[in-house]
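# Coordinates in review
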Amino acid sequence: MRSCQARVFFAQAGAALAVAALLSGCGDNYRPVVTPIGTNGPPAQASSYTLVVSSTGTTTPGVVTIIDYSGDSILNETPIGAGPKVFTIDASGSTGYTVNSDGTLSNFSISSSLQAKQVSESTLPPTAQPVNLFAPSFGLWATDLNGDVADVFSGSPAAFKLAIPVATAGSPATMPVFITGTANNSGQREYVVSQNVPDTAPMTCNVSPTTAPTGVATPIELSSNTTDPAIPVGKCPVFGVQTSDLQRLYILNRGDSTLTVINTRNNTLDACAPFQNQNGEWITCHPTIQLPAGSGPVTAEYNAATEQLIVANYDGGTISVVNVPLDEYGNDSNTYANSNCTTYAACGAVTGGFGTVTTIKVGNTATPNPASVTVLADGSKAYTANQNDDSGTGNGTVTVVNLYTYTVEKTLTVEGHPRTIVNTQNSEFAKIYTASPDSPFITIIESSPTVTDLIDTTVLLEGTPVDIRTTTQTGSSGNNDYSSRVPGYGQPCNLPGAASLASLAACQAIP
């Protein structure tokens, strides 16, 4: 019995030793974490869409087309209101709006899966004559020639809320054509730009120079929807640009080729007696910046990266690059002939800084008529839509301007006579889009380190474009082109040529 028990004990001990040996033979139980190595390739492209609203007639539904940035392909086509006349998207790049020929306002959320049932319709006042839509990140505004008012819309979908008369004491403020101001409603007010010409003369400001009277910009306080005293501007104001820091507002006056500068902190013209800032530097203000005579500015973009305003001069066939830097205290930053001057008189002439203008000829012909300009987010290049730059091809062009050297790099022929140009830029990769009211094709230009501003492709639409927008300019931030205008009233006509200036109907005609 004892012998049997001993054999069992030794057998069990042997089995334990065998298991221990087996485990020791497996080595250390720790296993290092393996980090997979990702595949090489370019960075992810921007999540960005390009939206085009096209018209198929004044009584038939328009179409909103959504184009993918990365693939240049149509993701969605959705019917919208009858005969769209004005189209824009808001500053956040999330909602689109159109004013339609049947007196309705269409609202839609921007999505590649958009369906007709998701397009909401509201009505305008029965006698409304809207000529401009302004869409900050929330809310919607329109200038309305009926009564010379600013129509305010609110809610989702946006519905008419109230009309604000823009005339103030001593200022009739007729022909309100444009609303500008803060994009995200973080500022105190928006500004309505009025030409002070008769409402029955919509083509008065479509030439430069002009004998029209000077216009005004009427501030509207966002907290109360009430007006402040009107601020005088130049002749035939047609456009306005608010800087992203909410320090300055620039009004483009086509009639006398000037820029009116408004200090939006003070809600006054940017005027002052020369003074020294906290660092002892001499400051002078610039209520007006003069462009070359006959320039006829019609649109502009402000580039925060370079603190420059890039202006499309329709009548002069040029763009003007205007330096508008501010010092650390928010004053105009000037450069003088003499540095370290103890008195303003000793500073000498202004040699640079705020208000310095560099003008560059664009296009291939004498009268290219740049109707629109867009600037890459990094401030490296500007692109102009040259509506009348037709050398017998039946098409206009796009000029590429290097903003580091102030030189033209190339001019490309595009489809139709382009009236609008926009872009989106993801790091060093950019795409530029042009829309022409006489062509069903959108032209896409690609710019990158390996592709230097070449036509990438064209995209065929249903109908002819009313306007075009991109949902982002940098791949992460929102849209900086959140206003849209109808042709006429000082804005470039749909098609070039003297015949289009004969009447508003001819100006707005689409073949």
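Structural data are supplied above this passage.
Let us look at the structure shown here.

Parameters and conventions
- Residues numbered from 1 in each chain as written.
- Predicted model: local features only at pLDDT ≥ 70, side-chain atom pairs only at ≥ 80, totals over all residues.
- Heavy atoms only, no water.
- Helix = DSSP H or I, 4+ residues; strand = E, 2+ residues; numbered from the N terminus.
- Rg over C-alpha atoms; globule rule 2.2 N^0.38 Å.
- Buried < 20%, exposed > 50% of the residue type's maximum accessible area, 1.4 Å probe, protein only.
- Contact = heavy atoms within 4.5 Å.
- Areas by Shrake-Rupley, 256 points an atom, 1.4 Å probe, with all protein chains shown as cover.
- Lys, Arg positive; Asp, Glu negative; His and termini not counted.
- Charge placed at Lys NZ, Arg CZ, Asp CG, Glu CD.
- Salt bridge = Lys/Arg side-chain N within 4 Å of Asp/Glu carboxyl O.
- Pairing = 2+ DSSP bridges.
- Axes fitted to C-alpha atoms, helices over the stretch in contact; angles between N-to-C directions.
- Core = buried A, V, L, I, M, F, W, Y, C linked by side-chain atoms within 4.5 Å.
- Polar contact = N/O pair within 3.5 Å; in protein donor to acceptor, adjacent residues only side chain to side chain.
- Disulfide = S-S within 2.5 Å.
- Phe/Tyr/Trp six-rings, centres within 6.5 Å; stacked < 30°, edge-to-face > 60°.

On a plain count of helices and strands, the chain comes out with 3 helices and 39 strands. Here the C-alpha radius of gyration of the chain, 30 Å, is well above what a compact globule of 511 residues would show, namely 24 Å. With respect to the three principal axes, the spread of C-alpha positions in the chain is 130 × 70 × 50 Å. Taken over 511 residues, the chain has a buried fraction of 53%. If you take every contact in the chain between residues at least 6 apart in sequence, the share linking residues at least 24 apart comes to 51%. On the chain, roughly 20,700 Å² of surface is accessible, and the fraction owed to carbon and sulfur atoms is 55%. The chain carries 18 positive and 37 negative side-chain charges, and their two centres are separated by 11 Å.

Looking now at the environment of Gly-379. Mapped onto the secondary structure, Gly-379 falls in the loop between strand 30 (370-375) and strand 31 (381-386). For the pair Gly-379 and Cys-493, spaced 114 residues apart in sequence, the C-alpha to C-alpha distance is 28 Å. When sequence neighbours within four positions are dropped, the list of residues in contact with Gly-379 reads Asn-303, Thr-306, Leu-403 and Tyr-404.

This next bit is on the pattern of salt bridges. Evaluated as defined, the whole model comprises 11 salt bridges. The salt bridge involving Asp-228 is made with Arg-189; its shortest N-O contact spans 3.7 Å. Here Arg-189 lies in strand 13 (residues 189-194) and Asp-228 lies in the loop between strand 15 (226-227) and strand 16 (231-235), a separation of 39 residues in the sequence. The partner of Asp-332 in a salt bridge is Arg-248, and the shortest N-O contact between them spans 2.8 Å. Highlighted residues: Asp-332 in the loop between strand 26 (318-323) and strand 27 (334-336) and Arg-248 in strand 18 (residues 248-253), separated in sequence by 84 residues. With respect to class, Asp-332 is no different from Arg-248; both count as buried. Through salt bridges with shared partners, a single ionic network connects Asp-72, Lys-431 and Asp-456.

Sheet architecture is open: 5 strands sit in the order 11-10-9-8-39, paired in antiparallel fashion. Two strands bound the open sheet, and with one partner strand each, they are strand 11 (159-165) and strand 39 (483-485). Here the average twist between neighbouring strands, direction ignored, is 20°.

With that out of the way, let us pick up the nonpolar core. Leu-140, Leu-259, Leu-309, Val-311 and Val-322 are the most contacted members of the largest nonpolar core, which has 48 residues in total. No other element matches the 4 residues that strand 18 contributes to this core. The residues contacting Leu-140, other than those within four sequence positions of it, are Tyr-97, Leu-105, Leu-133, Phe-134, Ala-135, Asp-151, Val-152, Phe-153 and Ala-158. By size, the runner-up hydrophobic cluster in this structure holds 13 residues, among which are Ala-91, Phe-134, Trp-141 and Val-216.

Before going further, it helps to spend a moment on the side chain of Asn-206. Residue position: Asn-206 is located in the loop between strand 13 and strand 14 (214-221). A polar contact of 2.7 Å, which involves the side chain of Asn-206, links it to the backbone nitrogen of Gly-490. Among all residues touching Asn-206, those that are not within four sequence positions of it are Arg-254, Gly-488, Tyr-489, Gly-490, Gln-491, Cys-493, Leu-501 and Cys-507.

In protein chemistry, a disulfide is the covalent bond that joins the sulfur atoms of two cysteines. Inspection of the entire model under this criterion finds 4 disulfides. The disulfide that involves Cys-205 links it to Cys-236, with 2.0 Å between the sulfurs. Since a negative S-S torsion denotes a left-handed disulfide, the Cys-205-Cys-236 link at about -75° is left-handed. With a gap of 31 residues between them, Cys-205 in the loop between strand 13 and strand 14 and Cys-236 in the loop between strand 16 and strand 17 (237-242) connect regions that are remote in the sequence. Cys-272 shares a disulfide with Cys-285; S-S distance 2.0 Å. An S-S torsion of about 100° defines the bridge between Cys-272 and Cys-285 as right-handed. One end of the pair, Cys-272, is in the loop between strand 20 (268-269) and strand 21 (275-276); the other, Cys-285, is in the loop between strand 22 (282-283) and strand 23 (288-290), with 13 residues separating them in the sequence. Ordinal numbering of bonded cysteines along the chain defines a disulfide pattern of 1-2, 3-4, 5-6, 7-8.

This part is about the environment of Gly-316. By the element assignment, Gly-316 lies in the loop between strand 25 (308-313) and strand 26. Separated by 19 residues in sequence, Gly-316 and Pro-297 place their C-alpha atoms 8.2 Å apart.

Another aspect to go through is the packing of aromatic side chains. As enumerated under the stated definition, the model contains 5 aromatic pairs in all. Arranged with centres 5.6 Å apart and planes meeting at 55°, the rings of Phe-134 and Tyr-482 form a pair that is tilted. Here Phe-134, found in strand 8 (residues 130-134), pairs with Tyr-482, found in the loop between strand 38 (464-470) and strand 39; they are 348 residues apart in sequence, far enough to count as distant. The exposure class of Phe-134 is buried, given its relative accessible area of 1%.

Tracing the chain through its elements places Asn-132 in strand 8. The exposure class of Asn-132 is buried, given its relative accessible area of 1%. For Asn-132, the side chain forms a polar contact with the side chain of Ser-483, separated by 2.9 Å. A polar contact of 2.8 Å, which involves the side chain of Asn-132, links it to the backbone oxygen of Ser-484.

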